[in-house]
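In case you want the letters, here they are:
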Amino acid sequence: MIKIIVGTNRKNSLSKTIAILYQEILLERGAESEILELEQLPADFIETALYENNGKNEGYNAFHNRVKEGKKFVFIVPEYNGSFPGILKTFIDGMTYPNTFRNKKCALVGLSSGIGGGGIALSHLTDIFHYLGMHVLALKPKLAKIEQNMSDNLLTNRLYLDLLHTQADMLLEF
Ligand SMILES: Cc1cc2nc3c(=O)[nH]c(=O)nc-3n(C[C@H](O)[C@H](O)[C@H](O)COP(=O)(O)O)c2cc1C
């Protein structure tokens, strides 16, 4: 089961919309996936699941277990202030040791309102995942000016769609 992780906890995020599109692309290829939203994390997990409280928040543990059981991941990562959302790093910092991602595989998709398409954010995240021992697929679609390339929750940009389909094929082979 591939885990698609929505890299923000912002309500009604475009990242969630892209995650749903990605799930459909995988299903077309006969691959089941589960969407995991950081929005589902307990609101107080920063106080109750990190450091000396590591492993003590049941809600966090339940979410973490659904991540832990994954072997392959897709991270949908919006660009926030030039990098990836702080909530994603905070989630990673709450994970119990030995870390969840060692020797696993992932694909990264960036999006932004501006021209960056989350490119820098994906580089930052790649460094972190490599440090944690996770293999990151080389092809990283950067969906820039996302609001101008979507309509009715659908991507209207042919190239963006092709990139997601190609990445999905590669992830299944990875
Ligand atoms: C806190 C915050 C910071 C943002 N910073 C940037 C930025 O640095 N560059 C950019 O192009 N877009 C920025 N955006 C716009 C998001 O990248 C854009 O809305 C995104 O592609 C979709 O994010 P969403 O999944 O939260 O809807 C920011 C949005 C938020 C909420």
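Here the structure is a predicted model, which is why all the values come from computation and not from measurement.

S.K.: What is the right way to look at the pairing of strand 1 (residues 2–6) in this model?
M.R.: The side chains of a regular strand alternate, first on one face of the sheet and then on the other. Counting buried positions along strand 1 gives five out of five residues, so the element sits mostly inside the fold. Side chains Ile-2, Ile-4 and Val-6 project from strand 1 onto one buried face, and the interleaved Lys-3 and Ile-5 project onto a second face that is buried too. Here strand 1 runs beside strand 2 (residues 33–37); their pairing, made up of five bridges, is parallel. Following the sheet pairing, Lys-3 is matched in strand 2 by Glu-34.

S.K.: It is not clear to me how the site of the ligand should be interpreted in this structure. Could you clarify?
M.R.: For the ligand, the set of nearby residues contains 16 residues, the closest of which are Arg-10, Ser-15, Glu-79, Tyr-80 and Gly-114. The backbone of Gly-114 places a nitrogen or oxygen atom 2.7 Å from an oxygen atom of the ligand. When the free accessible area of the ligand is taken as 610 Å², the share hidden by the protein chains comes to 74%.

S.K.: What is the right way to look at the nonpolar core in this model?
M.R.: Of all hydrophobic cores here, the largest spans 30 residues; its most connected members are Phe-75, Phe-91, Ile-92, Phe-101 and Phe-129. Where this core is concerned, the elements lending two or more residues are helix 3 (58–68), strand 3 (72–78), helix 4 (86–93), strand 4 (105–111) and helix 5 (119–131). The element that contributes the greatest number of residues to this core is helix 5, accounting for five residues. Sequence-distant contacts of Phe-91, defined by excluding residues within four places in its chain, comprise Leu-38, Leu-41, Phe-45, Tyr-60, Phe-63, His-64 and Val-67.

S.K.: Looking at this structure, I do not really get the environment of Val-6. What am I missing?
M.R.: With respect to the helices and strands, Val-6 occurs in strand 1. Along the primary structure Val-6 and Phe-75 are separated by 69 residues, whereas in three dimensions their C-alpha atoms are 6.3 Å apart. With residues up to four places along the chain from it excluded, the contact list for Val-6 reads Ser-13, Ser-15, Lys-16, Ala-19, Ile-35, Leu-36, Glu-37, Leu-38 and Ile-76.

S.K.: Just to check I follow, could you spell out the packing of helix 1 (residues 14–28) against helix 6 (residues 158–173) for this structure?
M.R.: Axis angle and axis distance: for two packed helices, these are the angle between their axes and the distance between the axes, and together they describe the pair. Running from amino to carboxyl end, helix 1 crosses helix 6 at an angle of 55°, the nearest separation of the two axes being 10 Å. The angle between helix 1 and helix 6 falls in the class oblique. For the crossing formed where helix 1 meets helix 6, the hand is right-handed. Along the contact surface, helix 1 presents Tyr-22, Ile-25, Leu-26 and Glu-28, while helix 6 presents Leu-164, His-165, Gln-167, Ala-168 and Leu-172. Of the residues contributing to the contact of helix 1 with helix 6, the split by class is six nonpolar, two polar and one charged.

S.K.: Looking at this structure, I do not really get helix 5. What am I missing?
M.R.: Because an α-helix completes one turn every 3.6 residues, residues spaced three or four positions apart along the sequence face the same direction. Over its 13 residues, helix 5 runs 19 Å from end to end, which matches the ideal 18 Å to within 8%, given 1.5 Å per residue. Taken residue by residue, helix 5 has Gly-119, Ala-121, Leu-122, Leu-125, Thr-126, Ile-128 and Phe-129 as its buried positions. Next to the buried residues of helix 5 lie strand 3, helix 4, strand 4, strand 5 (135–136) and strand 6 (142–143). The positive-phi residue at the C-terminal boundary of helix 5 is Gly-133, with phi of around 85°.

Scoring rules and cut-offs
Residues numbered from 1 in each chain as written. Predicted model: local features only at pLDDT ≥ 70, side-chain atom pairs only at ≥ 80, totals over all residues. Heavy atoms only, no water. Buried < 20%, exposed > 50% of the residue type's maximum accessible area, 1.4 Å probe, protein only. Helix = DSSP H or I, 4+ residues; strand = E, 2+ residues; numbered from the N terminus. Pairing = 2+ DSSP bridges. Near = heavy atom within 4 Å. Polar contact = N/O pair within 3.5 Å; in protein donor to acceptor, adjacent residues only side chain to side chain. Areas by Shrake-Rupley, 256 points an atom, 1.4 Å probe, with all protein chains shown as cover. Core = buried A, V, L, I, M, F, W, Y, C linked by side-chain atoms within 4.5 Å. Contact = heavy atoms within 4.5 Å. Axes fitted to C-alpha atoms, helices over the stretch in contact; angles between N-to-C directions. Parallel < 35°, antiparallel > 145°, perpendicular 65-115°, else oblique. Left-handed = near helix turned anticlockwise from the far one by under 90°. Nonpolar A, V, L, I, M, F, W, Y, C, P; charged D, E, K, R; others polar. Expected span 1.5 Å × (residues − 1).

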